[in-house]
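# Analysis of the macromolecular model
Chain by chain, the residues:
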Amino acid sequence: MTVATNSAKAYPATSPGGCSPAGCTTCAPEAGFKSAMCGVIPDFLAKTPPSRLRDILKQEAFSDEDIVYLLGLTRPEDCEALRRAAYDLTTGLIGDKVHYRGIVEFSNVCALNCRYCGIRKSNKAVPRYMLSKEQIVESALWAAENNYGSICLQAGERRDETFIRFVEDCIREIREKSVSEKLPRGLSMTLSLGEQEAGTYRRWRDAAGDHGGLRYLLRMESTNPELFARLHPSRDGRAAEKNYESRVRALHDIRAAGLQVGTGGMIGLPGQTLADLCADIRFYDRYDVDMLGMGPYIVSMGADMIDEGMLDAEPLLQLSMNMLAVTRLVLRDVNIAAATALQTLREEGRELGITYGCNIVMPNISPRDVRKHYQLYDNKPCIEEERTDCRGCLETRIRSVGRRVGWNEWGCSRHYAERSAALGGHGTKQTQSPLAAFCDPLLSPRAS
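Residues numbered from 1 in each chain as written. Predicted model: local features only at pLDDT ≥ 70, side-chain atom pairs only at ≥ 80, totals over all residues. Heavy atoms only, no water.

### Overview of helix 6 (residues 161–177)
In a regular helix each residue adds 1.5 Å, so 17 residues correspond to 24 Å; helix 6 covers 24 Å between its end C-alpha atoms and thus fits that length. Turning to helix 6, its buried residues number three or more, namely Phe 163, Ile 164, Phe 166, Val 167, Glu 168, Cys 170, Ile 171, Glu 173, Ile 174 and Arg 175. Buried residues along helix 6 sit against strand 2 (102–107), helix 5 (133–145), strand 3 (150–155), strand 4 (188–192) and helix 7 (198–207). (Helix = DSSP H or I, 4+ residues; strand = E, 2+ residues; numbered from the N terminus. Expected span 1.5 Å × (residues − 1). Buried < 20%, exposed > 50% of the residue type's maximum accessible area, 1.4 Å probe, protein only. Contact = heavy atoms within 4.5 Å.)

If you want it as structure tokens, here you go:
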């Protein structure tokens, strides 16, 4: 089954009766109805999910067939059963806290031409910017003063020595200046700076000093090598700027450097199938990742994939939610971020993501005047807000779905904490500093 097409008409938002997402079987003959025109979900169908779904959701191990089945759910009552299972597992295994990663998008200068991206090198319409070290550090310290506990530094991909040294200096100064009574080891940091040489990851690790709270997010984008190559084709007879093998090798390098490993992909890419998404989940499990950043594929008018289209908003949103929930059920104790892009599809998209198993959100704390120039996809939310606007609003939204914010905590994933405790260090045999003392209350006994 292909989940993405280049024709909106081929994937309508609702069934013929208009009562539910496309593919709804509520009114199928076997349910006792002759046509899809009921307009409502009969109570006797809404009370309990089908027996197959009930049985699958009771499991802790899932076959590929189970995963594809869950990813393809569209009936509202089925999706609700999946949501409830993911939410309850998150509560019981991880707790009710959601942790912030205040994101600083400090530069949109990029050396690469990823086809899906609005800030790719060849997009001459976007004004380029680079924040100063002082602006980056100030943003980070604002986060610390406002009890965030953790930040994310993100930028377009560069691999030159000037950039590497600049990031090194920023990491060192942020860690040193953010130490306080509330944060005795300073802010934890996630770096999302693209594929680098193995030595660069080690340099950035060393700049952090106490590097147990240093994470690196390197999205695979797709674990299907053919899809990956389509996003990064060779041009003018030259080799592709990115290749699948080097991407996988980079994840190994990040782990070897002693950093927490994060990856993820896009959901609903043109040509992507449910089997591809299942393979993504298997990849994340196989590579023992600590955190995931997954979000819907939303077209950018500054990119090179406009003619390939995208899914309608509601089917794409539900597919994204299914992917988040199924990943939670399979990987269980990793951190999963509710992508800001979910809010592009629906106003309450991030909160909905939390109810489907996410436990991380990434409020934008970049200076307001540069936010509009960092749009990887169109209609990015919150680009006209000040960082102070988001703080209180987001907490209220999180509370509205039965969660609370983990203020002044690093928010390391339980998965990382338990692996690190088993190894006596930070997740690799080469590092020896004990993690349990500072990775928040993540090593408390699991809820049964």
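### Some thoughts on the environment of Ile 136
By the element assignment, Ile 136 lies in helix 5. A residue is classified by how much of its surface remains accessible, and Ile 136, at 1% relative accessible area, is buried. When residues no more than four places from it in sequence are discounted, the contact partners of Ile 136 are Phe 106, Leu 131, Leu 153, Phe 166, Cys 170 and Ile 174.

### Examining the pairing of strand 9 (residues 335–338)
Burial of the side chains of strand 9 extends over both faces: Asn 335 and Ala 337 are buried on one face and Ile 336 and Ala 338 on the other. As judged from the 4 bridges shared by strand 8 (residues 291–296) and strand 9, these two strands associate in the parallel manner. Considered in strand 9, the bridge of Gly 293 is made with Ala 337. Traced from strand 8 through helix 11 (residues 313–331) to strand 9, the parallel crossover comes out right-handed. (Pairing = 2+ DSSP bridges. Right-handed = clockwise from strand over helix to strand, strands pointing away.)

### Looking at the pattern of salt bridges
Taken as a whole and assessed by the stated rule, the structure comprises 38 salt bridges. Here Glu 348 and Arg 346 are joined by a salt bridge, their closest N and O atoms 3.8 Å apart. The exposure class of Arg 346 is partly exposed, given its relative accessible area of 28%. Several salt bridges share partner residues, and in doing so they unite Glu 157, Arg 159, Glu 195, Glu 221, Lys 242 and Arg 247 into one network. (Salt bridge = Lys/Arg side-chain N within 4 Å of Asp/Glu carboxyl O.)

### Describing the side chain of Arg 158
Take Arg 158: it is sitting in the loop between strand 3 and helix 6. Arg 158 sits in the buried class, given a relative accessible area of 18%. Separated by 2.9 Å, the side chains of Arg 158 and Asp 160 make a polar contact. Setting aside residues up to four positions removed in sequence, Arg 158 forms contacts with Val 109, Met 130, Phe 163 and Gln 196. (Polar contact = N/O pair within 3.5 Å; in protein donor to acceptor, adjacent residues only side chain to side chain.)

### Description of the packing of aromatic side chains
Remark: the centre distance and the inter-plane angle together describe each pair of aromatic rings, the angle taken between the planes. A full pass over the atoms with the stated rule returns 11 aromatic pairs. A ring pair is formed by Trp 142 and Tyr 148, whose centres lie 5.5 Å apart and whose planes are at 75 degrees; its orientation type is edge-to-face. Taken as a pair, Trp 142 and Tyr 148 share a single burial class, namely buried. Summarising the aromatic geometry, the rings of Phe 283 and Tyr 284 are spaced 6.4 Å apart at their centres and angled 90 degrees between planes, so their arrangement reads as edge-to-face. Comparing Phe 283 with Tyr 284 shows no difference in burial state: the two are buried. In this structure, Arg 52 is placed above the aromatic ring of Tyr 69, and the distance from its NZ or CZ to the ring centre is 4.0 Å. The ring of Tyr 87 carries the charged tip of Arg 403 above its face, separated from the ring centre by 3.9 Å. (Phe/Tyr/Trp six-rings, centres within 6.5 Å; stacked < 30°, edge-to-face > 60°. Lys NZ or Arg CZ within 6 Å of the ring centre and 35° of its normal.)

### Thoughts on unusual backbone geometry
Of note in the backbone geometry, Asn 147 takes a positive phi value of approximately 70 degrees without being a glycine. Structurally, Asn 147 can be placed in the loop between helix 5 and strand 3. For Asn 408, which is not glycine, the phi torsion reads 55 degrees and is therefore positive. Summarising the element assignment, Asn 408 is placed in the loop between strand 11 (404–405) and helix 16 (414–423). When its relative accessible area of 23% is taken as the criterion, Asn 408 is described as partly exposed.

### A closer look at the confidence of the model for the protein chain
Mean pLDDT over the protein chain: 86, with 83% of residues reaching 70 or higher. This stretch, residues 428–438, has a pLDDT under 50; its non-local contacts, to residues over four places away or in other chains, come to 28 contacts. Note on residues 440–448: pLDDT under 50 across the span, and 22 contacts to partners over four residues away in sequence or across chains. (pLDDT = per-residue confidence, 0-100.)

### Examining helix 10 (residues 274–286)
Between its first and last C-alpha atoms helix 10 spans 18 Å; for 13 residues at 1.5 Å apiece the expected length is 18 Å, and the two agree. Regarding helix 10, the residues found buried are Leu 274, Asp 276, Leu 277, Cys 278, Asp 280, Ile 281, Phe 283 and Tyr 284. Once helix 10 finishes, Asp 288 follows within two positions and takes phi at roughly 55 degrees, a positive value.

### Structural notes on the pairing of strand 4
Consecutive side chains of a regular strand alternate in pointing toward one face of the sheet and then the other. Burial runs high along strand 4: 5 of the 5 residues are buried. Residues Ser 188, Thr 190 and Ser 192 of strand 4 are buried on one face, and the alternating residues Met 189 and Leu 191, pointing to the opposite face, are buried as well. The β-α-β motif built from strand 3, the intervening helix 6 and the parallel element strand 4 has right-handed crossover chirality. Relative to strand 5 (residues 214–217), strand 4 is paired through 3 bridges, and the arrangement is parallel.

### Overview of the packing of helix 5 against helix 15 (residues 387–400)
Axes are the key here: two packed helices are described by the angle between their axes and the distance separating the axes. Contact pair helix 5 / helix 15: the axes reach a minimum separation of 12 Å and the direction vectors enclose 25 degrees. Taken together, the axes of helix 5 and helix 15 lie roughly parallel to each other. As helix 5 runs across helix 15, the sense of the crossing is right-handed. Residues Glu 138, Ser 139 and Trp 142 of helix 5 form the contact with helix 15, whose own contacting residues are Arg 387, Thr 388 and Arg 391. By residue class, the composition of the contact of helix 5 with helix 15 is 1 nonpolar, 2 polar and 3 charged. (Axes fitted to C-alpha atoms, helices over the stretch in contact; angles between N-to-C directions. Parallel < 35°, antiparallel > 145°, perpendicular 65-115°, else oblique. Left-handed = near helix turned anticlockwise from the far one by under 90°. Nonpolar A, V, L, I, M, F, W, Y, C, P; charged D, E, K, R; others polar.)

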